[in-house]
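# Architecture and fold: a report
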Amino acid sequence: FEGMTIIELAKRSGESIHALQNILTNVGENIGSEFDSLSIDIAELVAMEIGVNVRRLHSCEGAAVLPRPPVVTVMGHVDHGKTSLLDALRSTSVAAREAGGITQHIGAFVVKMPSGASITFLDTPGHAAFSAMRARGAAITDLVVLVVAADDGVMPQTIEAIAHAKDANVPIVVAINKCDKPAADPERVKVQLASEGLPLEEMGGDIQVIEVSAKSKSGLDNLEEALLLQAEMMELKARIDGPAQAYVVEARLDRGRGPLATAIVKAGTLVCGQHIVVGAEWGRIRAIRDTAGKLREDATPAMPVEIEGLKGLPMAGDDITAVESEERAKMLSAGRKKKLEKDRLLKIDEGKEVSPDPLE
Ligand code: GTP
Ligand code: MG
């Protein structure tokens, strides 16, 4: 849509030029002639009005593309030690050691290794959040660590996690946890995983399996190495300069600071002071904080940050787009809210059709 003229938009959408010009006037845009090209924001507004779905393509020709750290999500069955493992991993970070183990909890953290390499871990509340994000097209995760307790073995949510990762086309690294327990039987777990269709490395496949214990903190180095190896093979890169493409990992309301969003930048740079549209909400970035709570001027790819300055509470998986002015931000937010409401009503309508009231 970027750079499209009204004539082209009319042709593609099947709307008349006159109708499109009316919409443009309604959203307060002064378009000189039908030969002028539309900005991406205006194109999105118009598209929403005529019920066409748009996707923003962030092509920044010539911008530098650099390697970036992997973003990892931990999944697995309840009580198999996801939180414990994340805590143990967090404690291995150089930064955590320097800060005496004190890191602010914002739903994501970065483990910096002595080698200088780093890994970003997302502390997602559960499989549902992972799926919700994916459903919104927020492919934030590069890798999944599948945690399986060595004593319990493969359980229903283990299988569910495998399905989610496969659906999302995200590579899995298996962490067999609780290997310190007397009842631990990692070999049995491997056989179970293989029978769930996971091609494990030691059986000729390509899925790495690492035996760990979150409790005794053993095997953590191996797990980090395995993740970096997997990431290396994926050649993860991101554009650093230019407009940010970022996503909300989680959001919460702080009494003093208002709505706060934990975000991960996928490409480009998010800068303090920018006007942003976040899902259907908008705001102006008042502060950016890293996972240690330190204020920053900007956020670059794979770096989890907390953003302050939103007018409303966004949802996990919402996309963050920087726009040129407050008016634009307000307009896009209003447009998206209207579209959400329209979609919601449409869904209710459809619901009525498929399930008529049994009393009637
Ligand atoms: P949910 O978030 O409820 O799904 O659980 P979880 O997967 O986050 O598990 P959590 O980290 O809360 O651990 C569950 C229990 O297992 C706790 O009592 C932990 O102390 C224990 N645990 C976790 N990791 C290990 C381990 O490596 N060894 C042993 N012995 N116990 C562990
Ligand atoms: Mg937990």
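Our structure's up above, just so we're on the same page.
What this report covers is the structure whose coordinates are included nearby. Small disclaimer: the values here were computed from a predicted structure and weren't measured.

## Side note on the site of ligand 1
Taken together, 15 residues lie near ligand 1, and Lys82, Thr83, Ser84, Asp180 and Ala214 sit nearest. Measuring from an oxygen atom of ligand 1, one finds a backbone N or O atom of alanine 214 at 2.9 Å. Here ligand 1 loses 67% of its free accessible area of 650 Å² to cover by the protein chains. Counting residues per element, the shell around ligand 1 draws most heavily on helix α4 (residues 82-92), which supplies three residues.

## A few points about the packing of aromatic side chains
Using the criterion set out here, one finds one aromatic pair in the structure. Their ring planes at 25 degrees and their centres at 5.4 Å tell us that phenylalanine 109 and phenylalanine 121 sit as a pair that is stacked. Of the two residues, phenylalanine 109 sits in strand β3 (residues 108-112) while phenylalanine 121 sits in strand β4 (residues 118-122), which places them 12 residues apart along the sequence. You'll find phenylalanine 109 and phenylalanine 121 in the same group, each marked buried. Across from the ring centre of phenylalanine 109, 4.2 Å away, lies the NZ or CZ of arginine 90, which sits over that ring.

## A look at the packing of α4 against helix α9 (residues 220-234)
Packing of α4 against α9 brings their axes to within 10 Å, and their N-to-C directions diverge by 85 degrees. The orientation of α4 relative to α9 falls into the category roughly perpendicular. Together, Leu85, Ala88, Leu89 and Thr92 of α4 and Leu220, Leu223 and Glu224 of α9 make up the contact between the two elements. Residues of the contact of α4 with α9, tallied by class, amount to five nonpolar, one polar and one charged.

## Details of the pattern of salt bridges
Following the criterion strictly, the structure yields 20 salt bridges and no others. Between aspartate 87 and arginine 90 there is a salt bridge; the shortest N-O distance is 3.7 Å. Here the residue aspartate 87 and the residue arginine 90 both occupy positions in helix α4, the gap between them amounting to three residues, near one helical turn. Note on arginine 90: relative accessible area 11%, which makes it buried. In this structure, the salt-bridge partner of lysine 339 is aspartate 343, at a minimum N-O distance of 3.2 Å. In this pair, lysine 339 and aspartate 343 both sit in helix α10 (residues 326-354), four residues apart, roughly one turn of the helix. Because the salt bridges share partners, they merge into one network encompassing Arg252, Asp254, Arg257, Arg286, Arg289, Glu306 and Glu308.

## Points about helix α1 (residues 6-13)
Side chains of residues three or four places apart in an α-helix project in the same direction, reflecting 3.6 residues per turn. What α1 keeps buried is the set Ile6, Leu9 and Ala10. Along the axis of α1, the buried positions cluster into a sector of 100 degrees, meaning they face one direction only. The exposed set on the far side of α1, more than 90 degrees from its buried face, consists of Lys11 and Arg12. Following α1 by one or two positions, glycine 14 adopts a phi angle in the positive range, close to 80 degrees.

## Brief notes about the environment of proline 186
Tracing the sequence through the fold places proline 186 in helix α8 (residues 186-195). C-alpha of proline 186 to C-alpha of aspartate 152: the two residues are 34 residues apart in sequence and 9.9 Å apart in space. When residues no more than four places from it in sequence are discounted, the contact partners of proline 186 are Ala150, Ile176, Cys179 and Glu211.

## Re the sheet that holds strand β5 (residues 143-149)
Pairing is mixed across the open sheet formed by six strands, whose spatial order is β3-β4-β2-β5-β6-β7. In this open sheet, the two strands that pair with only one neighbour each are β3 and β7 (209-211). The mean angle between the axes of side-by-side strands here comes to 30 degrees, regardless of whether they run parallel or antiparallel. Here strand β6 (residues 172-177) pairs with β7 via three bridges, running parallel. Its bridge partner being in β7, alanine 175 is matched across the sheet by isoleucine 210. Strands β2 (71-76), β3, β4, β5 and β6 of the sheet are contacted by α4, whose axis makes an angle of about 45 degrees with β3. Helix-sheet contacts for helix α7 (residues 156-167) involve β2, β5 and β6, and the interaxial angle to β5 is about 170 degrees.

## Focus on the pairing of strand β12 (residues 275-278)
Here β12 shows no split at all, with His275 and Val277 on one side and Ile276 and Val278 on the other all buried. Pairing of β12 with strand β13 (residues 281-289), which is carried by four bridges, proceeds in the antiparallel orientation. Looking across to β13, one finds that histidine 275 is bridged to arginine 284. Where β12 meets strand β17 (residues 319-323), four bridges bridge the pair, whose relative direction is antiparallel. Note on β17: the bridge partner recorded for isoleucine 276 is alanine 322.

## Regarding the side chain of lysine 190
Along the polypeptide, lysine 190 turns up in helix α8. Here lysine 190 falls in the buried class, since its relative accessible area comes to 5%. Residues contacting lysine 190, with those up to four places away along its chain left out, are Ile176, Leu200, Glu202, Met203, Val209 and Glu211.

## Remarks on the pairing of β2
Each regular strand carries side chains that alternate between the two faces of the sheet. Most of β2 sits inside the fold, with six of its six residues counted as buried. The alternating pattern of β2 places Val71, Thr73 and Met75 and Val72, Val74 and Gly76 on opposite faces, both of which are buried. Of the strand pairs in this sheet, β2 and β4 are connected by three bridges, and their pairing is parallel. The residue bridging valine 72 from the neighbouring strand is phenylalanine 121, located in β4. Across five bridges, the pairing between β2 and β5 is parallel. Its bridge partner lying in β5, glycine 76 is registered against valine 147.

Here is what the cut-offs are and how they apply
- Residues numbered from 1 in each chain as written.
- Chains lettered and ligands numbered in written order.
- Predicted model: local features only at pLDDT ≥ 70, side-chain atom pairs only at ≥ 80, totals over all residues.
- Heavy atoms only, no water.
- Near = heavy atom within 4 Å.
- Polar contact = N/O pair within 3.5 Å; in protein donor to acceptor, adjacent residues only side chain to side chain.
- Areas by Shrake-Rupley, 256 points an atom, 1.4 Å probe, with all protein chains shown as cover.
- Helix = DSSP H or I, 4+ residues; strand = E, 2+ residues; numbered from the N terminus.
- Phe/Tyr/Trp six-rings, centres within 6.5 Å; stacked < 30°, edge-to-face > 60°.
- Buried < 20%, exposed > 50% of the residue type's maximum accessible area, 1.4 Å probe, protein only.
- Lys NZ or Arg CZ within 6 Å of the ring centre and 35° of its normal.
- Axes fitted to C-alpha atoms, helices over the stretch in contact; angles between N-to-C directions.
- Parallel < 35°, antiparallel > 145°, perpendicular 65-115°, else oblique.
- Contact = heavy atoms within 4.5 Å.
- Nonpolar A, V, L, I, M, F, W, Y, C, P; charged D, E, K, R; others polar.
- Salt bridge = Lys/Arg side-chain N within 4 Å of Asp/Glu carboxyl O.
- Arc of directions from axis to C-beta.
- Pairing = 2+ DSSP bridges.

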